[in-house]
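Inside the fold
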Amino acid sequence: MDTSSHMARAQWMSLLAQAEAAELAAAMDAFAPPADATWLRPAQTGLYMLRGRIGGTGPQFNVGEVTVTRCSVQIGERIGHAWVRGGNARHAELAACADALLQDADQHPKLHEQVLEPLRHSQQARREAASRKAAASKVEFFTVVRGE
Amino acid sequence: MYVAVKGGEQAIARSLELLAEARRGDPATAELELAQIRQQLRLGVARVMQEGSLYDEELAALAIRQAAGDMLEAIFLLRAYRTTLPRFGYTEALDTTRMRVRRRISGTFKDVPGGQVLGPTYDYTQRLLEFGPTVPIATVEAEVPLAEAMPRVLDLLDAEALIERIDAGADPEPVDLTRKPLMFPANRATRLQNLSRGDEGFLLGMAYSTQRGYAESHPFAGEIRMGEVDVLVCPEELGFAIEIGSITLTECQMINQFHGGNGVPPQFTRGYGLGMGESERKAMSMALVDRALRCDELGEPAYAPAQNQEFVLSHSDNVEASGFVQHLKLPHYVDFQAELSLLRTLSAQHVRHASDRHQAVPEQALEESQA
């Protein structure tokens, strides 16, 4: 794959991982893994050490760990991977299947339309609602002018 | 001499049953669901994740329920569990500049670019107990969402060169305290990993001591921000970075006085705190202690406990501290028998000497009077 398709794949893998598990399950309902799907790596939960930066932008330090579930599936010629925060095996499996199917040029448009787009919209809506709620608690200072 | 070391199995089994019964409470009352703990006790969940050093709300909620709300016990459970999981690797550095902010305040500038956003906080509550059921609240949404990436308050000072610069430099690989033991002197990255999982109460006390004059450094809360940050990993199988989800973080940037010297102009210095979930008190305490521990680097006189890395870092971990304090409950029968028999011997000697002296005194007095 060239760089641009790397970027595209990174974007869809990110979107699948960031999705609400229930929403992903609903969206993937129509894309059950075919009978020839081989689980190269069954879902496994492990740890990544979170790295922060001193002062937010300085040298790195270890913040603590985070649970991550990963798995790999082969569907036809394509190998799909997933790394998803948390311990939800089903989420990782669905994301890996979607990743494999999205690499297939024939399947891609359908998944893009029925899985990625709805997930992207709901992610945007979720984030915007949270941001608007926070913005509602923004302080507006009123300055009293003293003297004339 | 041998003493009985076996026995008590049955008593232990009964004790575990009593514990289970006490934990569950009245069976007529519904058992707590993990979703209830995760949502309605989210600050407790944040603390257990932070000090358990494992970001997983589900596991933290499970630990809290199993520990009957004893946070230190829950933290211990989470720490123990994480040792059973394989380590996949290290994440890319978290970019808190791109945090999707839900709260962001500054104690140093009223009009900060991006504004002061209060978010969910207990700061403005009356601290009065609210009897009666909680009423569902309809929250308001502003017309305009917040800026995608909030500018950093400390950058305002940085633009005028009034605060120390901080950049990644050569971006050295930090020591990982889950892999290597703590060695002294510890560099700042190592200290921050220790403080990050350190006990909130201990760090709060240490931070308070610096404010009360033990290593006073005139702190200001330059910026506190809380919100969601993307977690990215770069697995070998892919060769490029992907997001695996988001986590909630609280970041505190303290601004402290520094008088300069050795060619360094007088400028503000920084203390840094970062906590999992909504953990403002912890992040602020961590930032104050981080700054106090920089005394050597900044050439400040070190006399206070909060400036002593050996003292702070060796006693910050509540799993270790709790273990060592509570190990006193373990059988020390032989140790204590030895102490007891030594004390009996000394006591007997004391009595003997006292009676010897009692007899000796009149003779001495007689000699003196004759002299």
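The structure displayed is predicted, hence computed values, not measured ones.

**Remarks on the overall build of chain A**
Counting secondary structure elements, chain A contains four helices and three strands. Beginning at the N terminus, the succession of helices and strands in chain A can be written as α-α-β-β-β-α-α. In terms of overall dimensions, chain A is more spread out than a globule: its C-alpha atoms have a radius of gyration of 20 Å, far above the 15 Å expected for 148 residues. Summarising its shape, the C-alpha atoms of chain A cover approximately 80 × 35 × 30 Å along the three principal directions. Relative to its 148 residues, chain A shows a buried fraction of 44%. Sequence separation of 24 or more characterises 53% of the internal contacts of chain A that already satisfy a separation of 6 or more.

**So, the overall build of chain B**
Helix and strand content of chain B: twelve helices and six strands. Taken against the 2.2 N^0.38 rule, which gives 21 Å for 371 residues, the C-alpha radius of gyration of chain B at 28 Å runs more than 25% over that of a compact globule. For chain B, the C-alpha atoms occupy an extent of roughly 105 × 70 × 55 Å along the three principal directions. Buried positions account for 34% of the 371 residues belonging to chain B. Across chain B, contacts joining residues at least 24 apart in sequence account for 64% of those joining residues at least 6 apart.

**Quick notes on the packing of helix H3 (residues 89-102) of chain A against helix H4 (residues 108-135) of chain A**
All names here are of chain A. With their axes 8 Å apart at the nearest point, H3 and H4 run at an angle of 140° to one another. The angle between H3 and H4 places the two elements in the oblique class. Each of Ala98, Leu101 and Leu102 in H3 lies in contact with H4, whose residues at this interface are His108, Leu111 and Val115. Counted by class, the contact of H3 with H4 contains five nonpolar, one polar and no charged residues.

**Digging into the interface of chain B and chain A**
At the interface, 71 residues of chain B touch 51 residues of chain A. At the level of elements, strand E1 (54-55), helix H4 (57-66), strand E2 (87-93), strand E3 (100-105), helix H7 (188-196), strand E4 (220-233), strand E5 (242-256) and strand E6 (269-276) of chain B are the ones that each hand at least two residues to the side of chain B that touches chain A. When residues in the side of chain B that touches chain A are grouped by element, the largest group, eight residues, is from E5 of chain B. Residue classes in the side of chain B that touches chain A are distributed as 35 nonpolar, 16 polar and 20 charged. In the sheet, strand E1 (residues 38-53) of chain A pairs with E2 of chain B via four bridges, with the strands oriented parallel. Residue pairing for E2 of chain B: tyrosine 48 of chain A is matched across the bridge by glycine 89 of chain B.

**What to know about the domain arrangement of chain B**
Residues and elements named next belong to chain B. Per the domain assignment, the segments of chain B are domain 1 (2-82) and domain 2 (96-316). The distance between the C-alpha centroids of domain 1 and domain 2 comes to 29 Å. Tallying the contact residues gives ten residues for domain 1 and ten residues for domain 2. No other element matches helix H3 (residues 42-52), which puts eight residues into the side of domain 1 that touches domain 2. For the side of domain 1 that touches domain 2, the residue count by class is five nonpolar, two polar and three charged.

**Thoughts on the environment of alanine 207 of chain B**
Residues and elements named next belong to chain B. Along the chain, the position of alanine 207 falls in helix H8 (residues 200-211). Spatially, the C-alpha atoms of alanine 207 and threonine 125 are 24 Å apart, while their sequence positions differ by 82 residues. Setting aside its immediate chain neighbours within four residues, alanine 207 contacts Ser285, Leu288 and Val289.

**Considerations on the sheet that holds E3 of chain B**
Residues and elements named next belong to chain B. Spatially, the four strands line up as an open sheet ordered E3-E4-E5-E6, and their pairing is antiparallel. One side of each edge strand has no neighbouring strand; the edge strands of this open sheet are E3 and E6. Averaged over all neighbouring strand pairs, the angle between strand axes comes to 20°, with direction disregarded. Of the strand pairs in this sheet, E4 and E5 are connected by 13 bridges, and their pairing is antiparallel. Within the sheet, the bridge partner assigned to arginine 225 lies in E5 and is glutamate 251. Seen against the sheet, helix H9 (residues 280-292) touches E4, E5 and E6 and runs at an angle of roughly 145° to E6.

**With respect to H3 of chain B**
Since one α-helical turn is 3.6 residues long, residues separated by three or four positions face the same way. Burial runs high along H3 of chain B: eight of the eleven residues are buried. Downstream of H3 of chain B by a residue or two, serine 53 of chain B has a phi angle that is positive, lying close to 60°.

**A few points about the environment of glutamine 326 of chain B**
Within the fold, glutamine 326 of chain B resides in helix H11 (residues 318-326). Distance from glutamine 326 of chain B to glutamine 10 of chain B, taken between C-alpha atoms, is 22 Å for residues 316 residues apart in sequence.

**So, the confidence of the model for chain B**
Regions with low pLDDT should not have their predicted coordinates read in detail. Per-chain confidence: chain B averages 92 in pLDDT, with 95% of residues scoring 70 or above. Prediction confidence for the complex, expressed as pTM and ipTM, is 0.92 and 0.94 respectively.

**Quick look at the nonpolar core**
Leu16, Ala95 and Ala98 of chain A together with Val48 and Val289 of chain B are the most contacted members of the largest nonpolar core, which totals 102 residues. The dominant element in this core, judged by the number of residues it contributes, is H3 of chain A, at nine residues. Ignoring any residue separated from it by four or fewer positions in sequence, one finds leucine 16 of chain A in contact with Leu24, Ala82, Ala95, Ala98 and Asp99 of chain A.

**Examining the pairing of E4 of chain B**
Residues and elements named next belong to chain B. The buried fraction of E4 amounts to eleven of the 14 residues, a majority that puts the element mostly inside the structure. With five bridges joining them, E3 and E4 adopt antiparallel strand pairing. Bridge pairing links arginine 100 to glutamate 228 in E4.

**Things to note about the packing of H7 of chain B against H9 of chain B**
All names here are of chain B. Put simply, H7 and H9 touch, their axes get as near as 10 Å, and they point 150° apart. H9 is crossed by H7, and the crossing has right-handed handedness. Contacts between H7 and H9 pair Arg191, Leu192, Leu195 and Ser196 from the former with Met286, Val289 and Asp290 from the latter.

Conventions and cut-offs
Residues numbered from 1 in each chain as written. Chains lettered and ligands numbered in written order. Predicted model: local features only at pLDDT ≥ 70, side-chain atom pairs only at ≥ 80, totals over all residues. Helix = DSSP H or I, 4+ residues; strand = E, 2+ residues; numbered from the N terminus. Rg over C-alpha atoms; globule rule 2.2 N^0.38 Å. Buried ≥ 20, exposed ≤ 12 C-beta atoms within 10 Å, placed from the backbone. Contact = placed C-beta atoms within 7 Å. Axes fitted to C-alpha atoms, helices over the stretch in contact; angles between N-to-C directions. Parallel < 35°, antiparallel > 145°, perpendicular 65-115°, else oblique. Nonpolar A, V, L, I, M, F, W, Y, C, P; charged D, E, K, R; others polar. Pairing = 2+ DSSP bridges. Domains from an automatic or database assignment. pLDDT = per-residue confidence, 0-100. Core = buried A, V, L, I, M, F, W, Y, C linked by C-beta atoms within 7 Å. Left-handed = near helix turned anticlockwise from the far one by under 90°.

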